[in-house]
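Results of the structural survey
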Amino acid sequence: MNAIERRISTTVLVIGTGGSGLRAAIEVAEQGVDVLAVGKRPRHDAHTSLAAGGINAALGTMDEEDSWQQHAADTIQEGYLLSNPHTVEIVTKGAEQGIRDLERWGMPFARENDGRISQRFFGAHTYRRTAFAGDYTGLEIQRTLVNRTEQLDIPILDTVYITRILVRDNVVFGAYGFDLIDGTRYLIHADAVILAAGGHNRIWRRTSSRRDENTGDSFRLAVEAGGRLRDPELVQFHPSGIIEPENAAGTLISEAARGEGGILRNALGERFMERYDPERMELSTRDRVALAAYTEIKEGRGTEKGGVLLDVSHLPRETIMTRLPRVYQTMMELQMLDITQQPIEIAPTAHYSMGGVWVRPEDHSTDVDGLYAIGEASNGLHGANRLGGNSLIELLVFGRIVGQAAVAHASGLEAQLRSADAVAFARQEIDSLLAADGTENVRALQRAIRNTMTEHAGVVRDEEGLTAGLVALDEIEARMGDIGIHPDIAGFQDLAHAFDLKASLLAARATVEAARERRETRGAHNRSDYPDLDPSLQVNLVWSPSTGVTREEVPPVPAEIAALMRDVDVTGKLVE
Amino acid sequence: MSMATIEGQAAPPPAEVQSFTVTLLIRRFDPEKDTEPYWQDFDVEMYPTDRVLDALHKIKWEQDGSLTFRRSCAHGICGSDAMRINGRNRLACKTLIKDLDITKPIYVEAIKGLPLEKDLIVDMEPFFESYRQIQPFLIASSKPEKERIQTVAQRERFDDTTKCILCAACTSSCPVFWTDGQYFGPAAIVNAHRFIFDSRDEGSQVRLDILNDKEGVWRCRTTFNCSEACPRGIQVTKAIQEVKQAILRGGNA
């Protein structure tokens, strides 16, 4: 174990090196202000790089009738009225600038023949407003941002795990952590801290997040610093994650497969969407398709392995090879399955945290002065169901805004007041875990949380199950008192997993408690015991460990946006 | 009764697929103990759909926790796990066991030409230093009112070289790079190509001047090792030739 503690001072510290973190860091650096970005995995491998489909902005170059107001209306409509209209307005108004920024830094967007940035339809959008780069949009965005950080010489640490945000009298003064390879401790002093460390969808068994990512780290770091969470129960389940092999379970089959004409069948061969959305069928919205697939499986009409079948084999081979190349390749590699010949076995998969750290819409500041949250860590844009392509643009818009807000906060400080006690507490937290020599295995407990969430707080929930889920989480917490941590010669992953576990438990508890309070069915949140939408629950649910769940009013939708809200016909449009 | 879902059950491995034993010969090196690298063999039970990375994980988790290698995304995007497998540079996460001849041991060693740190890990810093030197970012001074215009053909012109994941499989397969490590190497040139041939970029001349150096493109002897090694299928040698031609044309990409 390395006894050295590195001490670093910077003006703005960014936790997380995905799209939102890098975008914020770039904004800070462009203003000539010191910034340091740290992450727990290589920047080239951030979760942003997995996003396939596209990024939304009402550029109006393809469909000139489009406007930011219409984009806002579509977003709020699809979010079942739980989006914060101010957040939505900021994102949709700032979206064009977000695309411009990327383009300015060399993003290789797909183009039209005359040279405009190409835009395509996504599910539930009124107009074509999704810009893209093949089916690697997120990857190209991440690369473009990484290149820009190189150009600006922004320091980035790829192997630092942040364990605690340092706070004195509700004002941030830095963060504490350790190096994943050699265990070196990091004490980082900063005037402002931007939390961009993702959501919590890895706490379900089948998830589109890979091992060690989206384990609820942001939620824990914010809450332990004095922040709160909003709508943690609102989690988007993607209809089509693959089932096998076990280590790749949850890998997504792009919704383009349905957009191109893929057909869903249960094990009996029935085209079951006829029962759930006879008009839109397979092109129905994400929440409805996920619920339909879940219900078929739950009621015994699923496959032996517990899935349903997505079939594109009737499509011309040429269509599959040109429009769904990544799906073809993925299935070939993972299952040696030829999708031009055979159907794909799929099941609903936890995909996106629409809730997150409580923030103010204007600048994504939190309850703690100098602490900001962005990206999947934050919330406010997506309501109860996220519109495809909106999460990527949110990174670009709020990255910029939060970068500026953090700089302004730092400029307004008269002194950075630190707390030796807070630092000592952070040191002690790691020390005591490293000394833990109990019999419980960290990974096994993580799995227990994922099983609990899947069983009791999955696609469909009810009072009894959620209550049982809380009991199960209590038991897991008790077992966590007896964990053993054994950093080995190859690194401190075991210690990182212990912190992941603490984060996941907190995120799980918040999710289950809020899900129990939301006694209605709305968007991605399905309650079998409350199958209808309850207008009195058109509120956000705010959670903290001390207050539990409280209600917060959603501000009214401005008239110019409300006038444009209507159900969007998705016929013939690609969905992602 | 709560809503039990299928997700609660671990999918058992399909019974009909046969596992088999594979021998891996791994080139080990611990700078604190060893003066020279040496080969060590491991037997592991694998399925045909497993990859070399799965085998390395199995060894690390079940047999020898000290085995050291880089990996992150495990699906060929992050570029961390390029290694020399049976004498060819590949990504461990993309190399299926069934595609190798398993009647013989599988040889796994670190990529060549970069300083060996430990087991399968090399110091990537010289590689990234070359990459940074070619200024891998868009250099453009114009301030368009909306976006910069770029036709489909212009966008297509540099599409191939956008695919690079900086895994170093190409550079570390290049015999010229092996000789002294001074040559910029294929990956840096590929990333220069990506911007030289981007119609929006105004920094081509700077990059071409850099690559017109004696350690630049002219050291390429068109062995095609790089093209064969690229896990993304980039036509690396072709890209290098195009940069050479651009220099000869006096910078007109």
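Quick look at the overall build of chain B now. Secondary structure assignment for chain B yields 9 helices and 7 strands. Projected onto the principal axes, the alpha-carbon positions of chain B cover approximately 60 × 60 × 30 Å. A total of 253 residues make up chain B; the buried ones form 54% of that total. Long-range pairs, those at least 24 residues apart, make up 63% of the contacts in chain B with a sequence separation of at least 6. A total accessible area of about 11400 Å² is found for chain B, and carbon and sulfur atoms account for 50% of it. Side-chain charges of chain B comprise 33 positive and 36 negative groups, with the mean position of each set lying 5 Å from the other.

The subject of this paragraph is helix α1 (residues 19-30) of chain A. Residue and element names in this part refer to chain A. The terminal C-alpha atoms of α1 lie 16 Å apart, and with 12 residues this matches the ideal 16 Å at 1.5 Å per residue to within 8%. Every buried residue of α1 is accounted for by Gly19, Ser20, Gly21, Leu22, Arg23, Ala24, Ala25, Ile26, Glu27, Val28 and Ala29. Following α1 by one or two positions, Gly32 adopts a phi angle in the positive range, close to 80 degrees.

Let us now look at the interface of chain B and chain A. Contacts between the two partners involve 54 residues from chain B and, on the opposite side, 62 residues from chain A. Taken together, both faces of the contact between chain B and chain A bury some 4800 Å²; the carbon and sulfur share is 50%. Counting across the interface, chain B meets chain A through 4 salt bridges. Between the two partners, chain B and chain A, sit 18 residue pairs in polar contact (both at pLDDT 80 or more). Looking at the side of chain B that touches chain A, the elements with two or more residues in it are α1 (52-63), α2 (125-133), α3 (152-157) and α6 (186-196) of chain B. It is α1(B) that provides the largest number of residues to the side of chain B that touches chain A, a total of 3 residues.

Attention shifts here to helix α12 (residues 420-434) of chain A. All names here are of chain A. The terminal C-alpha atoms of α12, which comprises 15 residues, lie 21 Å apart, in line with the 21 Å expected from a rise of 1.5 Å per residue. Of the residues making up α12, those classed as buried are Ala422, Val423, Ala426, Glu429, Ile430 and Leu433. The buried residues of α12 occupy an angular sector of 120 degrees when projected down its axis, which confines them to one face. Projecting away from the buried face of α12 at angles above 90 degrees are the exposed residues Ala420 and Asp421. Of the surrounding elements, those touching the buried residues of α12 are β8 (160-168), β9 (171-179), β10 (185-189), α5 (217-225) and α15 (493-517).

With that settled, consider the packing of α1(A) against helix α4 (residues 137-151) of chain A. Residues and elements named next belong to chain A. One way to put it is that α1 packs onto α4 with a least axis distance of 10 Å and a crossing angle of 30 degrees. For the element pair α1 / α4, the angle class is roughly parallel. Once α1 is placed against α4, the crossing between them reads as left-handed. Between α1, through Gly19, Leu22, Arg23, Ile26 and Glu30, and α4, the contact on the second element is made entirely by Gln142, Leu145, Val146, Arg148 and Thr149. Its residues assigned to classes, the contact of α1 with α4 comprises 4 nonpolar, 3 polar and 3 charged.

All names here are of chain A. With omega at -10 degrees, the peptide bond leading from Glu244 into Pro245 counts as cis. With respect to the helices and strands, Pro245 occurs in the loop between β13 (235-242) and α6 (256-259). With a phi close to 65 degrees, Asn170 is a non-glycine residue in the positive phi region. Mapping Asn170 onto the fold places it in the loop between β8 and β9. Taking the relative accessible area as the measure of exposure, Asn170 reaches 35% and is therefore partly exposed. Although it is not a glycine, Asp231 sits at a positive phi angle of roughly 55 degrees.

So, about the packing of aromatic side chains. All names here are of chain A. Following the criterion strictly, the structure yields 8 aromatic pairs over all chains and no others. Considering the side-chain rings of Phe178 and Phe499, the 6.3 Å spacing of their centres and the 35 degrees angle between planes classify their relative orientation as tilted. Highlighted residues: Phe178 in strand β9 and Phe499 in helix α15, separated in sequence by 321 residues. Summarising the burial analysis for this pair, Phe178 and Phe499 share the class buried. Ring geometry for Trp204 against Phe237: centres 5.9 Å apart, planes inclined by 85 degrees, an arrangement best described as edge-to-face. Within this pair, whereas Trp204 is found in the loop between β11 (192-195) and α5, its partner Phe237 is found in strand β13, the two being separated by 33 residues in sequence. For the pair Trp204 and Phe237, a shared accessibility class is recorded, and that class is buried. Among the aromatic residues, those joined into a cluster by ring pairs are Tyr161, Phe178 and Phe499.

Looking now at empty space enclosed by the protein. All chains considered together, the criterion is met by 6 cavities of 30 Å³ or more. Considered as a void within the structure, the largest cavity measures approximately 260 Å³ in volume. If you trace the largest cavity, you find 24 residues lining it, with Arg143(A), Asn147(A), Thr162(B), Cys164(B) and Asn191(B) closest to the centre. Counting residues per element, the lining of the largest cavity draws most heavily on α4(A), which supplies 7 residues.

Moving on: the environment of Arg155(B). Positionally, Arg155(B) belongs in helix α3. For Arg155(B) and Ser199(B), which are 44 residues apart along the polypeptide, the C-alpha to C-alpha distance reads 7.8 Å. Ignoring anything within four residues of it in the chain, the contact list for Arg155(B) reads Pro108(A), Phe109(A), Ala110(A), Arg111(A) and Gln150(B).

For the rest of this paragraph, the subject is the domain arrangement of chain A. All names here are of chain A. Along its sequence, chain A is organised into domain 1 (1-234 + 354-576) and domain 2 (238-348). Computed from C-alpha coordinates alone, the two centres of domain 1 and domain 2 are separated by 28 Å. Between domain 1 and domain 2, the contact holds 24 residues from the first and 26 residues from the second. Of the roughly 2100 Å² buried at the junction of domain 1 and domain 2 (both faces included), carbon and sulfur atoms supply 50%. Linking domain 1 with domain 2 are 0 salt bridges, by the criterion used here. Taken together, the links from domain 1 to domain 2 amount to 2 residue pairs in polar contact (both at pLDDT 80 or more). Considered class by class, the residues forming the side of domain 1 that touches domain 2 number 10 nonpolar, 7 polar and 7 charged.

What counts and how
Residues numbered from 1 in each chain as written. Chains lettered and ligands numbered in written order. Predicted model: local features only at pLDDT ≥ 70, side-chain atom pairs only at ≥ 80, totals over all residues. Heavy atoms only, no water. Helix = DSSP H or I, 4+ residues; strand = E, 2+ residues; numbered from the N terminus. Buried < 20%, exposed > 50% of the residue type's maximum accessible area, 1.4 Å probe, protein only. Contact = heavy atoms within 4.5 Å. Areas by Shrake-Rupley, 256 points an atom, 1.4 Å probe, with all protein chains shown as cover. Lys, Arg positive; Asp, Glu negative; His and termini not counted. Charge placed at Lys NZ, Arg CZ, Asp CG, Glu CD. Expected span 1.5 Å × (residues − 1). Buried area = accessible area lost by both parts, 1.4 Å probe. Salt bridge = Lys/Arg side-chain N within 4 Å of Asp/Glu carboxyl O. Polar contact = N/O pair within 3.5 Å; in protein donor to acceptor, adjacent residues only side chain to side chain. Arc of directions from axis to C-beta. Axes fitted to C-alpha atoms, helices over the stretch in contact; angles between N-to-C directions. Parallel < 35°, antiparallel > 145°, perpendicular 65-115°, else oblique. Left-handed = near helix turned anticlockwise from the far one by under 90°. Nonpolar A, V, L, I, M, F, W, Y, C, P; charged D, E, K, R; others polar. Phe/Tyr/Trp six-rings, centres within 6.5 Å; stacked < 30°, edge-to-face > 60°. 1 Å grid on protein atoms, 1.4 Å probe; cavity = no way out; pocket = protein on both sides within 12 Å on 5 of 7 lines; lining within 4 Å. Points joined across faces, edges and corners; volume = space filled by probe spheres on them. Domains from an automatic or database assignment.

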